[in-house]
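# Examining the three-dimensional arrangement
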Amino acid sequence: MQASNVKGTKMNRVRNILRNTYAAVPFKKPLFQLLRICIRLPAWLYQHLHFVAPISIPIQGGNRFKMYHFGAQVENDLFWAGYGNGWEATSLRLWARLAAVSNTVFDIGANTGVYALAAKAVNERAKVFAFEPVTSIASRLEHNIELNGFDITVVQAGASSSTGEAVMYIPSTDHSYSASLNANMLSGHGNLVETIVQTLRVDEFVKDNNLTSADLFKIDTEQHEVDVLSGFGGVIERFKPAVLIEILDQDLGKEVEAFFAGFDYVFYEIIEGKEVRRVESLGASSRNYLLCSKDFATLNGFGDVIQHNAL
């Protein structure tokens, strides 16, 4: 056996020993709650200090929501850093501000429900629809909704340009934040599981459910965003919703820009942990953007720059 293989085998054994030892440590949640009060740990350290248990997450205005910490990165970051302070910090703060003034909210690509739960926590009167096509993830989403007693509607389908079926590509991990209807998105993610999922056009969903408003959307669909928007039909023109959208590259950004070219919309780049800044183009540097009508921006006092701490 080569020396490099021997070394690799030993390292794997050490990792397994450490992993098993950590798993056997009792009372991790109360221990970490105490530790969190006493000291602010850096992300590089707390990202390894995960556990499995329900957690309570404070949010703006004295509100809070609960999530089941399944040992995944996002829940762990919310536990240690808090809502609006770590993972997607500025996006989450902005989302809470927008959800508080929205009657009907769509979380498209909901995963385990952080955005959907936050919307309901700050606005209990809002209708919230969470789209999540992957069965295993949707079950965790439903568990989190039950944990809070919220009346959030889970739609186990992917929003797309047509209603029917499509192939979903899912990384073969315990929990994925990057499942996609776009095969190219996951070309470098190793083994993928192909699963048939249901798809829906947003405009048909709005019509079938007799919705009289559609005020706020979060779209995080791993490069399937243009297909999602193509299924909006007349929703943008009729309701002029605010849209928080993930744009991973400039090519996708240009396509989204082209879609909104016929509407009187302005674009804001979200620089996580710093600010929300008015821009003319999409996808140059940041991942998340706010797209909203000029009237909405004026009504809500959005200037050229919104400081993170002002949200």
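Here, every reference points to the structure presented above.
Here is a short report on the structure shown in this document. In this text the structure is predicted, and so the values were computed from the model without any measurement.

About the cut-offs
- Residues numbered from 1 in each chain as written.
- Predicted model: local features only at pLDDT ≥ 70, side-chain atom pairs only at ≥ 80, totals over all residues.
- Heavy atoms only, no water.
- Axes fitted to C-alpha atoms, helices over the stretch in contact; angles between N-to-C directions.
- Helix = DSSP H or I, 4+ residues; strand = E, 2+ residues; numbered from the N terminus.
- Parallel < 35°, antiparallel > 145°, perpendicular 65-115°, else oblique.
- Left-handed = near helix turned anticlockwise from the far one by under 90°.
- Contact = heavy atoms within 4.5 Å.
- Nonpolar A, V, L, I, M, F, W, Y, C, P; charged D, E, K, R; others polar.
- Buried < 20%, exposed > 50% of the residue type's maximum accessible area, 1.4 Å probe, protein only.
- Arc of directions from axis to C-beta.
- Polar contact = N/O pair within 3.5 Å; in protein donor to acceptor, adjacent residues only side chain to side chain.
- Pairing = 2+ DSSP bridges.

## Looking at the packing of helix α5 (residues 89-99) against helix α6 (residues 114-122)
Where α5 contacts α6, the two axes come as close as 8 Å, and the packing angle between them is 45°. The pairing of α5 with α6 is recorded here as oblique in orientation. As α5 packs across α6, the resulting crossing turns out to be right-handed. Residues Ser91, Leu92, Trp95, Ala96 and Ala99 of α5 form the contact with α6, whose own contacting residues are Val114, Tyr115, Ala118, Ala119 and Val122. Tallied by class, residues from the contact of α5 with α6 come to nine nonpolar, one polar and no charged.

## Points about helix α11 (residues 250-259)
Considered for burial, the residues of α11 that qualify are Leu252, Gly253 and Val256. On an axial view of α11, the arc spanned by its buried residues comes to 105°, and they lie on one face. Exposed side of α11, more than 90 degrees from the buried face: Asp251, Lys254 and Ala258 are the residues found there. Where the residues of α11 are buried, they touch α9 (225-230), β10 (242-246) and β13 (288-293). Of the residues that open α11, the one with a side-chain oxygen 3.2 Å from the backbone nitrogen of aspartate 251 is aspartate 249.

## Observations regarding α5
Think of an α-helix as 3.6 residues a turn; residues three or four steps apart then line up on the same face. Among the 11 residues in α5, 10 count as buried, and that is most of the element. What α5 keeps buried is the set Ala89, Thr90, Ser91, Leu92, Arg93, Leu94, Trp95, Ala96, Leu98 and Ala99.

## Things to note about the sheet that holds strand β11 (residues 265-271)
Taking strand neighbours across the sheet as the criterion, the nine strands line up as β5-β4-β3-β9-β10-β13-β11-β12-β14 in an open arrangement whose pairing is mixed. Strand pairing shows two members of the sheet lacking a second neighbour, β5 (153-155) and β14 (305-307), which therefore form its edges. Between one strand axis and the next, the sheet turns through 15° on average, direction left out of account. Sheet topology places β11 next to β13; five bridges connect them, and they run antiparallel. In the strand pairing of β13, tyrosine 268 is matched with leucine 290. Contacts from α5 reach β3 (104-108), β9 (216-219), β10, β11, β12 (275-279), β13 and β14, with the element oriented near 155° to β9.

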